[in-house]
Amino acid sequence: MKRFLFCLSVLLTMFNINVVAYVRYVTANLNLRYGPGVAYEIITSLPKGTPVSIDDYCDCKWVLVEYGGNIGYISTKYLSDNPPRRDIKRKSRILTHKTYVTTFSTRVRYYTNVNGYRVQSPTYYNSAPSGATALCRDGTYSFSRNHKGTCSHHGGVAKWL
């Protein structure tokens, strides 16, 4: 499949054919699959808010996309013309590196990591909860299972636990 798409792009370039790509945004953590349907194996997951390019604006249930070097299918049910709004509104600021105001919503959320595991998203707690792996600079505790990307949207890692 990858070889076919590569050859197609070379041919389009050789003949100077313009292809219009439409940008859509993933509205929820979304599985990239080997085929167009939930029966197909999951390749990886696309995080909420990820922009994807699709070649044709269609009324299809599944579209072929490229993400992180992988080519696969995603459901169009979870695509939007506009980037999704952030669900969590932060009500506090870091006062110092050790003092935090803890007036946050502690609604627990989850995401699917690169290995396909369901992991709790960084969450505010008054002290280190069980299973936390890092304290982020914005005062949240991360439950990441690998170091790469830990606290990346939370100011980076303040302290590994």
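Everything below is about the structure printed above this text.
Residues numbered from 1 in each chain as written. Predicted model: local features only at pLDDT ≥ 70, side-chain atom pairs only at ≥ 80, totals over all residues. Heavy atoms only, no water.

Draft legend 1. Broad picture of the overall build of the protein. Broken down by element type, the protein carries one helix and 13 strands. Overall, the protein shows an N-to-C arrangement of helices and strands of α-β-β-β-β-β-β-β-β-β-β-β-β-β. Per-residue burial for the protein yields a buried fraction of 28% across its 161 residues. Contacts in the protein between residues far apart in sequence, at least 24 positions, make up 44% of those at least 6 positions apart. (Helix = DSSP H or I, 4+ residues; strand = E, 2+ residues; numbered from the N terminus. Buried < 20%, exposed > 50% of the residue type's maximum accessible area, 1.4 Å probe, protein only. Contact = heavy atoms within 4.5 Å.)

Draft legend 2. Broad picture of the sheet that holds strand β7 (residues 79-80). On the basis of which strands lie adjacent, the open sheet formed by three strands has the order β4-β1-β7 and antiparallel pairing. Looking at which strands have only one partner, the edges of the open sheet turn out to be β4 (51-54) and β7. Note that strand β1 (residues 22-26) and β4 share four bridges and pair antiparallel. By the bridge assignment, Arg24 is partnered in β4 with Val52. (Pairing = 2+ DSSP bridges.)

Draft legend 3. Fine view of the state of the cysteines. Applying the stated criterion across every chain, the model contains one disulfide. Disulfide pairing places Cys136 opposite Cys151 at an S-S distance of 2.0 Å. Residues Cys136 and Cys151 share a disulfide whose torsion about the S-S bond is about -70°; that sign makes it left-handed. A residue pair is termed long-range when its members are at least 10 positions apart, and Cys136 in strand β11 (residues 134-136) and Cys151 in the loop between β12 (140-142) and β13 (157-160) qualify at 15 residues. Here Cys136 and Cys151 have matching classes, each one buried. (Disulfide = S-S within 2.5 Å.)

Draft legend 4. Geometry of the sheet that holds strand β10 (residues 123-124). Spatially, β10-β12-β11-β13 is the arrangement adopted by the four strands of the open sheet, whose pairing is antiparallel. Each having just a single partner strand, β10 and β13 make up the two edges of the open sheet. In terms of strand pairing, β11 meets β12 through two bridges, oriented antiparallel. The residue of β12 that forms the bridge with Ala134 is Ser142.

Draft legend 5. Looking closely at the nonpolar core. If you look at the biggest cluster of nonpolar residues, it comprises 10 residues: Val26, Leu30, Leu32, Leu46, Val52, Ile54, Val63, Val65, Ile74 and Leu79. Those elements that provide at least two residues to this core are β2 (30-33), β4 and β5 (62-67). Excluding anything up to four places from it in sequence, Val52 contacts Tyr22, Val23, Arg24, Val26, Leu46, Val65, Ile74 and Leu79. Listed in part, the five residues of the second largest apolar core include Val119, Leu135, Tyr141 and Phe143. (Core = buried A, V, L, I, M, F, W, Y, C linked by side-chain atoms within 4.5 Å.)

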